[in-house]
Amino acid sequence: MNLTEKILSAHLVGGRLVAGEEIAIKIDQTLTQDSTGTMAYLQFESLGCDKVKTMRSVAYIDHNTLQSGFENADDHEYIRTVALKHGVYVSKPGNGICHQVHLERFAVPGLTLLGSDSHTPTCGGMGMFALGAGGLDVAVAMSGGALHLTMPKVVKIELKGRLVKNTAAKDIILEVLRRLSVKGGVGKVMEYTGEGVKTLTVPERATITNMGAELGATTSIFPCDEMTREFLKAQGREKDYRPLAADGDAVYDEEIIVDLSALRPLAACPHSPDAVKPVSEIGKIKVHQVCIGSCTNSSYSDMMKVAAILKGRKVHPETSLTISPGSRQVLAMLSRNGALADMLDAGARVLECACGPCIGMGQSPKTNAVSVRTFNRNFYARSGTASASVYLVSPETAAYTAIYGVLTDPSQMPEISIEQMPKRFAVNDNLILRPDDFENTEVERGPNIKPFPVNTAMKNDVEGSVLIKCEDNITTDHIMPSNAKLLPYRSNIPYLSDYCLAPVDPDFSERAKKNGGGFIVAGANYGQGSSREHAALVPLYLGIKGVIAKSFARIHKDNLINNGILPLVFENESDYEKIGSGDRLKITDARRQIESGDTVIVENVGGGYKFKCVLALSERLKKTLLSGGVLAANAAENGK
Ligand code: MIC
Ligand code: SF4
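Residues numbered from 1 in each chain as written. Chains lettered and ligands numbered in written order. Predicted model: local features only at pLDDT ≥ 70, side-chain atom pairs only at ≥ 80, totals over all residues. Heavy atoms only, no water.

Peer 1: What is the right way to look at the site of ligand 1 in this model?
Peer 2: In the neighbourhood of ligand 1, 14 residues make up the surrounding shell, with Ser35, Asp117, Ser118, Ser531 and Arg532 lying closest. Arg382 places a side-chain nitrogen or oxygen 2.8 Å from an oxygen atom of ligand 1. Ser530 has a polar side-chain atom sitting 2.8 Å from an oxygen atom of ligand 1. Its free accessible area being 340 Å², ligand 1 has 97% of it covered by the protein chains. When grouped by side-chain class, the residues that make up the shell around ligand 1 number one nonpolar, eight polar and five charged. (Near = heavy atom within 4 Å. Polar contact = N/O pair within 3.5 Å; in protein donor to acceptor, adjacent residues only side chain to side chain. Areas by Shrake-Rupley, 256 points an atom, 1.4 Å probe, with all protein chains shown as cover. Nonpolar A, V, L, I, M, F, W, Y, C, P; charged D, E, K, R; others polar.)

Shown next as structure tokens:
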């Protein structure tokens, strides 16, 4: 068996491990973060479960730590109290980014982890089967329910050789993105093997599994070996170690070979993580801002490399450099060993250990700026400045770029050598609250916590106008933008609804409201990126009945179904060309059509023609969809 099959077979509670079939697996651990967490816990409460049923559930507060008004502080307090009351650990603001902290303190090889954040696969770097999902799926898992998913294909990524001077783990995943694209991983697990694996530390592996999310992959995973033991030991958690690897004769659906020694520093160009080119080919473009951090590249060794490059040098006078260490553990170590002083002396602006600029929480660049970041996403307008051009690179490339003020190829610079793995990390868990210590916590709901919309059972005839026709690769950052102005309203769906699809068409929301809802038409890979369920809840609030696309990203498709919105796929892509914004669509006898097959006939009423869409779902998912989503189905079952 490959490693995926080994872990899945140990967690299987329904179905068979056959690619394309629906399976159900037991979830051992969950994580939430604050911007998806409020919804997840509101939904968890509505499921009526007293204490979480998982081995470990953790609520992180890491995304919106600006607290620019009471709204955000209300969200934090709701999360803290609701989590502790129900047996969930709380990682307080300042403790770090959920994925970095989870890797350090909670990840256990061989277990399953479900997180309400698309980069949950980060812990695959430690041999966990870790998946991102919408808040509702995480709420169900916390209440003891299984996770249902389509059994993915398993891709073997064989790493050969070792990285050469100043080339990094980030360049490995950028190379995979260059080859496979942002849709190349949909329906697949990326399983890393080969002699090159042994040369990579756990944080380096985590950089790779983290950005596997940008491939659209279900998850990515590394074996658990002596490197993993060393990391766990340095975290004081050696007892969690167990060796794990694919069998020598394991079978895979696809195979890819990456020769590490042939890799050179790469960059993802605007506005997509797969628009990858060698840094040397892009050339020495002028750079106004450099941001180092995010859950992709904020580990201790990443920071030590940056500090080593900055030591004794100066940030270019026309460039701003920000650094956000991934966790308080990392920052504390940098402050003790002098690396922090090297960063400050060079002119870096050191930010809080949080997501920060990665989700547009501050540091929006100036008009038409070039911003070079060690992050994982450079989607259009995500930085908060629509005219900015964002490039994604390794910490080495970013640090040299900050010094020279132009995009700089680090392989042309002197070799940096740092201690890759400290013998002992500075473990201090006093920002993690244990639910056992807070048994009698009362849930506090400030005025920012608003009820969320729940759909009703699907009508027999589903009708509406096409409200918008979008291109390929629409991200959830397009559907429901997130930035410093909007993030405080993650628990206020009516407020957010005014901004739905605004980066594509600022009038969309008004049109949807005027029409009393309708359909969204889209190209391929609709809903890629974030797991935010708000990209389904807000359209639901606006009366969206269905999305007709060439294809969908996994998490967003699940979120649509969970909320009773039809995710239809054009059977013939030529029908995408024919359809126009404003066309009136009708699905006659929708319930019967969905129940009886895998396709649905849609009538373009004005156009006078019909076309076929694919809706190949399991019986369980069809039932959920027809009931109006998971919570509506639950309420119907309980006779509410
Ligand atoms: C992101 O990187 O886009 C986020 C913000 O972490 C999201 C979650 C969210 O929208 O709150 C994600 O990746 O799932
Ligand atoms: Fe936070 Fe950015 Fe990572 Fe999302 S991708 S979890 S916003 S650091």
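After that view of the structure, there is still more to cover.
Peer 1: What am I meant to see in the sheet that holds strand S5 (residues 89-91) here?
Peer 2: Taken in spatial order, the six strands of this open sheet run S7-S6-S3-S4-S5-S20, and their pairing is mixed. Of all strands in the sheet, those with a lone pairing partner are strand S7 (129-132) and strand S20 (432-433), marking the two edges. Relative to S20, S5 runs antiparallel, the two sharing two bridges. Paired with Val90 across the bridge in S20 is Leu433. Packed on one face of the sheet, helix H5 (residues 135-142) meets strand S3 (29-32), strand S4 (56-60) and strand S6 (112-115) and runs near 140° to S3. (Pairing = 2+ DSSP bridges. Helix = DSSP H or I, 4+ residues; strand = E, 2+ residues; numbered from the N terminus. Contact = heavy atoms within 4.5 Å. Axes fitted to C-alpha atoms, helices over the stretch in contact; angles between N-to-C directions.)

Peer 1: Where do I start with a negative patch on the surface in this structure?
Peer 2: Side chains of Glu471, Asp472, Glu573 and Glu577 sit close together on the surface and give a patch of like negative charge. Turning to its location among the elements, Glu471 is positioned in the loop between strand S21 (462-469) and helix H14 (476-479). (Patch = residues over 30% accessible without salt bridge, like charges linked within 9 Å, V, L, I, M, F, W, Y side chains within 5 Å. Salt bridge = Lys/Arg side-chain N within 4 Å of Asp/Glu carboxyl O. Lys, Arg positive; Asp, Glu negative; His and termini not counted. Charge placed at Lys NZ, Arg CZ, Asp CG, Glu CD.)

Peer 1: Explanation requested: the site of ligand 2 in the structure shown.
Peer 2: Looking at ligand 2, the residues that line it are His63, His99, Asp117, His119, Ser294, Cys295, Cys355, Cys358, Ile359, Asn376 and Arg382. Class assignment for the residues of the shell around ligand 2 results in four nonpolar, five polar and two charged.

Peer 1: Which parts of the structure should I look at to understand the packing of helix H10 (residues 300-310) against helix H12 (residues 339-346)?
Peer 2: Packing of H10 against H12 leaves a shortest axis separation of 8 Å and a crossing angle of 50°. Classified by the angle between their axes, H10 and H12 sit oblique to one another. As for the relative orientation of H10 and H12, their crossing is left-handed in sense. Contacts between H10 and H12 involve Met303, Met304, Val306, Ala307 and Leu310 on the former and, on the latter, Ala339, Asp342, Met343 and Ala346. A breakdown of the residues in the contact of H10 with H12 according to their chemical character gives eight nonpolar, no polar and one charged. (Parallel < 35°, antiparallel > 145°, perpendicular 65-115°, else oblique. Left-handed = near helix turned anticlockwise from the far one by under 90°.)

Peer 1: Is there a simple way to think about helix H11 (residues 328-337) in this case?
Peer 2: Listed in full, the buried residues belonging to H11 are Gln329, Val330, Ala332, Met333 and Leu334. Buried residues along H11 sit against helix H4 (98-105), H10 and H12. Positive phi shows up at Gly338, right after H11, with a value of about 95°. (Buried < 20%, exposed > 50% of the residue type's maximum accessible area, 1.4 Å probe, protein only.)

Peer 1: Honestly, the sheet that holds strand S2 (residues 22-25) in this entry has me stumped. Any pointers?
Peer 2: Through backbone hydrogen bonds, the strands of a sheet pair up, either in parallel or in antiparallel fashion. A sheet is described by the order of its strands in space; here three strands give the open sequence S1-S2-S8, paired in antiparallel fashion. Only two strands of the sheet have a single partner each, and these edge strands are strand S1 (12-14) and strand S8 (147-150). The sheet shows a mean angle of 45° between the axes of neighbouring strands, direction not considered. Looking at chain direction, S2 and S8 are connected through four bridges and run antiparallel. Bridge assignment links Ile23 to a residue of S8, and that residue is Leu149.

Peer 1: I'm lost on the environment of Ala24 in this one. Help?
Peer 2: Considering the arrangement of structural elements, one finds Ala24 in strand S2. Once the C-alpha coordinates of Ala24 and Asn492 are considered, the two residues, 468 residues apart in sequence, prove to be 32 Å apart. With near-sequence residues (within four places) excluded, Ala24 lies in contact with His11, Leu12, Val13, Gly14, Ala146, Leu147 and His148.

Peer 1: Is there a simple way to explain the layout of surface pockets in this structure?
Peer 2: To find leftover empty space, a probe the size of one water molecule is rolled over the atoms. Considering only enclosed or pocket space, the largest pocket measures out at about 1300 Å³ in volume. Lining the largest pocket are 47 residues, and of these Glu22, His148, Asp558, Arg620 and Leu621 sit closest to its centre. Where the lining of the largest pocket is concerned, the elements lending two or more residues are H5, S8, helix H18 (554-562), strand S24 (566-570), helix H21 (619-627) and helix H22 (630-637). (1 Å grid on protein atoms, 1.4 Å probe; cavity = no way out; pocket = protein on both sides within 12 Å on 5 of 7 lines; lining within 4 Å. Points joined across faces, edges and corners; volume = space filled by probe spheres on them.)

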